Amino acid sequence: MTATLIRGRTLSFRHAPAGLEDKGAYGYEPDGALLIEDGLILASGSFDAMRAQAPDDAVEIDHRPHLILPGFIDTHLHFPQMQVIGSYAANLLEWLNTYTFPEECRFVETAHAQRIATHFFDEMVRHGTTTAVAYCSVHKTSADAFFDEALRRNMRMVAGKVMMDRNAPQGLLDTPETSYDETRAVIAEWHGKGRNHVAITPRFAITSTPEQMSAAQALVREFPDLHVQTHLSENRDEIDFTCSLYPEANDYTDVYARYGLLGPKTLFGHCIHLSEREMDAMSETGSVAVHCPTSNLFLGSGLFPLRTLTNRDKPVRVSFATDIGGGTSYSMLRTLDEAYKIQQLLGERFNPFESFYYMTLGNARALSLEERIGTLEPGTDADFTVLDMTATPAMALKAEVVNSLADELFLLQTMGDDRAIAETYVAGVAAKTRLGTPSP
Ligand SMILES: [Zn+2]
């Protein structure tokens, strides 16, 4: 395959920015380029240096004056909830029972799961998201449809068949045995195929019996390298209900701890109302708290105490996510904008470099995938996005007075959405341009 030279302003992070002036946290090339081949970044740096290094027949694509960043990473969403977005409910448990569970029942049908999977990946590409961590439905058909479409598009995705055997409609229930067997089958069929990663996915403690939690524990023991994803401490009623179902546990986090589900590959959605003891347990095991701001605001779940989690003596790892369909936007720009506003309400500063760090390298680190994604480093996957701060008339007007990279990022975060994504590259291929056209 011919090498390609992608020219533009490039921005990639090295570590979490301590503040606006922490210039060591990122590398920025005002006239930069990526040299890519066979789905990988061969080199990145100034355009002149990359031009000198590129073979004579390298194809050149010029994205100036746009900004090139690693592809966005979304660490928590629900692929069967695309038609649940914007459902009018008072709170989490009402929203689940009235809208979400009935909708997820439809994913027993392969044709429906395939149709929604097509739309799902279109939206990811449209919004500049190149990796997402998804819950499928309880049905193996939904996981098959998801991973099949991810494979077809050559995207690096993490997902799992949901395990749930109580407190939901009959059409959404498996059993401890079938959840174990079907998760094993999904792992055997899809993990490591293309760029697919399978996650062990007990939905949350309310919808799993102790027997099913033991089945999840057996899977984690058998497949210790796999991601685990579930929900934790989203809403007060949910916490009370969980503790009533597991009276022997000290608290909600301890329910999962008792089944060996805490660890560095485990992603806990929400984590809004954790006690000090629970934060210690999260920190000691390296577990990740996943903040889903648009969902937390939409369902009135609470304000994520970001600084309390990250600035304590025993810090908790955090990541950011849309939580479609409790979340209201597929855009990581919109998501981090709402995260910013939540921190404003808590009296905390959250600067734009941090936001873009988390959308890229920060979320890659939360997934322990920073060797492959979230960066423009040589040898990593050529998944990146091209951002246009003048994408709408209102953005273009504001852009006239933008004087710094920090201003530009903050404009993109505050006013941007899918229209600000000029292009999305998946494994070196311009995927947004190709939306709607049949693959070769
Ligand atoms: Zn969720």
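Refer to the structure above for everything that follows.
Residues numbered from 1 in each chain as written. Predicted model: local features only at pLDDT ≥ 70, side-chain atom pairs only at ≥ 80, totals over all residues. Heavy atoms only, no water.

## Digging into unusual backbone geometry
Along the chain, Arg 64 connects to Pro 65 via a cis peptide bond; the corresponding omega equals 5°. With respect to the helices, strands and loops of the structure, Pro 65 is situated in strand β4 (residues 59-70). Omega for the bond connecting Ile 324 with Gly 325 falls within 30 degrees of zero, at 5°, which places this linkage in the cis form. Note on placement: Gly 325 falls in the loop between β13 (317-320) and α12 (332-345). The backbone of Asp 38 sits at a positive phi, close to 50°, despite the residue not being glycine. (Helix = DSSP H or I, 4+ residues; strand = E, 2+ residues; numbered from the N terminus.)

## Concerning the pattern of salt bridges
In total, this model carries 30 salt bridges according to the counting rule given. Among the salt bridges present, the one from Arg 153 reaches Asp 122, with a minimum N-O distance of 2.8 Å. Within this pair, whereas Arg 153 is found in helix α4 (residues 140-153), its partner Asp 122 is found in helix α3 (residues 110-126), the two being separated by 31 residues in sequence. (Salt bridge = Lys/Arg side-chain N within 4 Å of Asp/Glu carboxyl O.)

## Comments concerning the sheet that holds strand β15 (residues 421-426)
Two strands in a sheet stick together by hydrogen bonds in their backbones, pointing the same way (parallel) or opposite ways (antiparallel). Reading across from one edge, β3-β2-β1-β4-β14-β15-β16 is the order of the 7 strands in this open sheet, with mixed pairing throughout. What marks the edges here is a single partner per strand, and that holds for β3 (40-46) and β16 (429-430). Here strand β14 (residues 384-387) pairs with β15 via 4 bridges, running antiparallel. Bridge pairing links Val 386 to Glu 423 in β15. (Pairing = 2+ DSSP bridges.)

## Details of the coordination of the zinc ion
Surrounding the zinc ion are the protein donor atoms His 76 (NE2), His 78 (NE2), His 231 (NE2) and Asp 323 (OD), which sit 2.1 to 2.5 Å from the metal. In this structure, the zinc ion is coordinated by 4 donor atoms arranged in irregular fashion, with angles at the metal of 87 to 170°. Binding-site remark: the zinc ion is held by donors from one chain whose sequence spacing is H-x1-H-x152-H-x91-D. Pair noted here: His 78 is in strand β5 (residues 72-78) and His 231 is in strand β10 (residues 227-232), with a separation of 153 residues, a long-range link. Judged by its relative accessible area of 4%, His 78 falls in the buried class. For His 231, a relative accessible area of 6% puts it in the buried group. (Donors = N, O, S within 2.8 Å, 3.2 Å for Na, K, Ca; no water. Tetrahedral: all angles 85-135°; square planar, octahedral: opposite > 155°, others 65-115°. Buried < 20%, exposed > 50% of the residue type's maximum accessible area, 1.4 Å probe, protein only.)

## Section: a nonpolar patch on the surface
Judged by side-chain polarity, Leu 297, Leu 303, Leu 345 and Leu 346 come together as a nonpolar surface patch covering roughly 340 Å² of accessible area. Structurally, the position occupied by Leu 303 is in the loop between α10 (293-298) and α11 (306-310). (Patch = residues over 30% accessible without salt bridge, like charges linked within 9 Å, V, L, I, M, F, W, Y side chains within 5 Å. Areas by Shrake-Rupley, 256 points an atom, 1.4 Å probe, with all protein chains shown as cover.)

## Digging into the pairing of strand β9 (residues 196-202)
In terms of residue burial, β9 counts as a mostly covered element, since 7 of its 7 residues are buried. Of the two faces of β9, the one lined by Asn 196, Val 198, Ile 200 and Pro 202 and the one lined by His 197, Ala 199 and Thr 201 are each fully buried. Two strands pair when backbone bridges link them, and strand β7 (residues 157-160) and β9 are joined in this way by 3 bridges, in the parallel orientation. Paired with Ala 159 across the two strands is Val 198, which belongs to β9. A crossover connection joins strand β8 (residues 162-163) to the parallel β9 through helix α5 (residues 176-190); in handedness this β-α-β unit is right-handed. In terms of strand pairing, β9 meets β10 through 2 bridges, oriented parallel. Residue pairing across strands places Ala 199 opposite His 227, the latter belonging to β10. Each parallel crossover has a hand, and the one from β9 via helix α6 (residues 210-222) to β10 is right-handed. (Right-handed = clockwise from strand over helix to strand, strands pointing away.)

## Re the packing of aromatic side chains
One pass over the structure, following the stated rule, counts 21 aromatic pairs. Ring plane angle 55° and centroid distance 5.4 Å describe the contact between Phe 79 and Phe 146, whose orientation is recorded as tilted. One end of the pair, Phe 79, is in the loop between β5 and α2 (92-105); the other, Phe 146, is in helix α4, and 67 residues separate them in sequence. Across this residue pair, the class does not change: Phe 79 and Phe 146 are buried. Members of the aromatic cluster, connected to one another through ring pairs, are Phe 13, Tyr 26, Phe 320, Phe 350, Phe 353, Tyr 357 and Tyr 358. The positively charged end of Lys 193 is found above the aromatic ring belonging to Trp 190, 5.0 Å away from the centroid. (Phe/Tyr/Trp six-rings, centres within 6.5 Å; stacked < 30°, edge-to-face > 60°. Lys NZ or Arg CZ within 6 Å of the ring centre and 35° of its normal.)

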